[in-house]
Amino acid sequence: MSQPARRALGAALLTFALSACGAGQNASTIPASIRAFQRVQPADTAAQSNSAGVTVFTLGDGGSNSTEMNDLRFGADGKLYYTTVPLLTGAPWPTSGEIGNFDIGTHRQQYQVVSYGPGLLDETADGSVWVTEFNNASGTPTIDRYAGIGGSDTTIQFPQGPNWINGFGNGVDGGIAVTPDNHVWFGSNNSAQVGEIDPKTNAVSLYNLYGSDIVYQPVPQYMTLASDGHLWVTDEFNDGLFRVAVSGGAKGTSTYVQLPQGPYGSGNPINLQGLIQGPDLNIYTGDPAPDYGYLDAGAADANPTFSSLSLPSTGIEPYVFAKFGDKIYFNEIHFEGLGIYNVKTKHVVVLPLLPAAFGGIAVDAWGNPWIGCIPTSQTGCLERVTLSRTWQVYPSRSINLYTTDFYGETLPPGLIGIGENGESGPFTVTTSNAAVCTAGVLAGYGHNIQVNPVKPGSCSLAISDAHGRTINVAVHVINGKGSPQAHVDLRGFRPVPPKLR
């Protein structure tokens, strides 16, 4: 799920002095600049889909209202529910968009255009579809309750709390969580409150969030109902979490947990953007801070202590989560692909994808991730990544790399990933022509390979596992022509609220 009030679409070409790796080297030196990886181009987009098991579907009507996905999750009926908005380039935020569902079996969609910018949504067991309006023309904070996609709409308005920032549209751009009593909880990036809706009456209750050691007014957004029976909510600017009671006499009371990075302005460029309870029952948060990110974990209990996991030093930037089996899946902003973290083995892999993964992520009952994406046509889309025990190479078995862009500046190496739902390996890689390209398995990743373009020409990489399976990847090294798309930054950051300026 994305947060539309804090990102803008941009692109930047990076420069990098290439370091050569030996033809048979199996541990590749990470570039000095952690963002210095070229965006690998599949030489044939059809080959990319066929070899890597990636299937792309257009969302909604394919028009301007469906350019960017804001949320994606499975509803109670087993369908994927999504929200989309026009291309976001900053304020003013859009006052139109689309909401819809997607049947993963038949690939049929139902969608409707709405007269507000939809934020996050959920479909509950009674068939209601709850949608937050992150911006509308009225200026009144609103949540919509639909009797299914295309059904009647009940608008639920509520007063602005006493600590309302009013800096990001109408600001109802927080998460949605449903408690065992079927009450709907929500957050807002404009206020220091979380809200609760009684589905029998649609009455709204607001609860203030407090913390004795917080620096800034809380900004509650992502939320999840954890196994300890409490609602866990992210607070971006304080870079912490609130643990909120959702039942009993203490309902609405909360405790604050500081994450290791410290609050906004403490020296670390924080951007807390995801929350999930992992398969090991720990709470995980994602922070795609500029140039590098954090993945923090802590126990879901009354006295939690969070610590940052040791991630490979190439600048992983985890952004929103899903889970299946022993793994956590996340949008990986740095390489615009799919990130996978195994909570048992502690292994990390990044799978670069085309189109670029951005928006939301959900995993079906077979372990296949579904991810929001933005193709070069800038028509919002949904991509399914089919993962099996037979590993595949992403984004393609035939790739283009560039030595220089059309300005003559040197481009960085490329990154390709090995995807599977098992744990094959260790992997080795050799090149057919070290004068054209070299490659090596990245230390700390194990399922990622750095490919270094040396000079124009063609070469082949032979990637082998420990069980005798080999996949060949055709590499075409080209001098820059047009825009070879080094790292395209889709992340962006939201403006600082007035109270923090």
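As a reminder, the structure under discussion sits directly above these lines.
How each quantity is defined
- Residues numbered from 1 in each chain as written.
- Predicted model: local features only at pLDDT ≥ 70, side-chain atom pairs only at ≥ 80, totals over all residues.
- Heavy atoms only, no water.
- Helix = DSSP H or I, 4+ residues; strand = E, 2+ residues; numbered from the N terminus.
- Buried < 20%, exposed > 50% of the residue type's maximum accessible area, 1.4 Å probe, protein only.
- Contact = heavy atoms within 4.5 Å.
- Areas by Shrake-Rupley, 256 points an atom, 1.4 Å probe, with all protein chains shown as cover.
- Pairing = 2+ DSSP bridges.
- Axes fitted to C-alpha atoms, helices over the stretch in contact; angles between N-to-C directions.
- Salt bridge = Lys/Arg side-chain N within 4 Å of Asp/Glu carboxyl O.

1. Considering the overall build of the chain
So, point 1. Within the chain one finds one helix and 37 strands.
So, point 2. Across the 501 residues in the chain, those meeting the buried criterion constitute 60%.
So, point 3. Taking the intrachain contacts of the chain between residues at least 6 apart in sequence as the baseline, contacts between residues at least 24 apart amount to 58%.
So, point 4. On the chain, roughly 17200 Å² of surface is accessible, and the fraction owed to carbon and sulfur atoms is 51%.

2. Quick notes on the sheet that holds strand E32 (residues 414–419)
So, point 1. Read across the sheet, four strands follow the order E30-E32-E35-E34 without closing on themselves; strand pairing throughout is antiparallel. Of all the strands in the sheet, just strand E30 (392–394) and strand E34 (437–441) have a single pairing partner and so form its edges. Strand-to-strand, the axes of this sheet are offset by a mean angle of 25°, without reference to chain direction.

3. Section: the pairing of strand E24 (residues 327–332)
So, point 1. Here E24 lies mainly inside the structure; six of its six residues are buried.
So, point 2. As paired strands, strand E23 (residues 318–324) and E24 are joined by six bridges and run antiparallel to one another. Each bridged residue has a counterpart across the sheet, and for Tyr319 the counterpart in E24 is Asn331.
So, point 3. Hairpin connection of E23 to E24: two residues between the antiparallel strands, including Gly325 at a positive phi of 60°.
So, point 4. Where E24 and strand E25 (residues 337–342) come together, six bridges link them in antiparallel fashion. Looking at E25, one finds that Glu332 is bridged to Gly337.
So, point 5. Connecting the antiparallel pair E24 and E25 is a turn made up of four residues, with Glu336 showing a positive phi of about 55°.

4. Some points on the pairing of strand E4 (residues 80–85)
So, point 1. Of all six residues in E4, six are buried, a share of seventy percent or more.
So, point 2. Burial along E4 is two-sided: Leu80, Tyr82 and Thr84 and Tyr81, Thr83 and Val85, pointing in opposite directions, are all buried.
So, point 3. Here strand E3 (residues 68–74) runs beside E4; their pairing, made up of six bridges, is antiparallel. The residue bridging Glu68 from the neighbouring strand is Val85, located in E4.
So, point 4. Taken together, E3 and the strand that follows it, E4, pair antiparallel across an intervening segment of five residues, in which Gly78 is found at a positive phi of about 85°.

5. Notes on the pattern of salt bridges
So, point 1. Applying the stated criterion across every chain yields a total of seven salt bridges.
So, point 2. Close ionic contact of Arg73 with Asp122 constitutes a salt bridge, the shortest N to O distance being 3.6 Å. Of this pair, Arg73 sits in strand E3 while Asp122 sits in strand E7 (residues 117–123), and the two are 49 residues apart along the sequence.
So, point 3. On the basis of relative accessibility, which here comes to 15%, the residue Arg73 falls in the buried class.
So, point 4. Given the relative accessible area of 12%, Asp122 is considered buried.
So, point 5. Here the salt bridges do not stand alone but share partners, grouping Asp71, Arg73 and Asp122 into one network.

6. Some points on the sheet that holds strand E15 (residues 220–225)
So, point 1. Taken together, four strands build an open sheet; the order of strands is E15-E16-E17-E18 and the sheet is antiparallel. Bordering the open sheet on either side are E15 and strand E18 (254–258), each of which pairs with just one other strand. If you compare each strand with its neighbour and ignore which way they point, the axes differ by 25° on average.

7. Observations regarding the environment of Ile99
So, point 1. On the secondary structure map, Ile99 appears in strand E5 (residues 97–102).
So, point 2. Note on Ile99: relative accessible area 0%, which makes it buried.
So, point 3. In sequence terms Ile99 and Val129 are 30 residues apart; their C-alpha atoms lie 9.6 Å from each other.
So, point 4. Beyond its immediate stretch of four places on either side in the chain, Ile99 contacts Tyr82, Thr83, Gln110, Tyr111, Gln112, Val114, Pro118, Val131, Tyr146 and Ile149.

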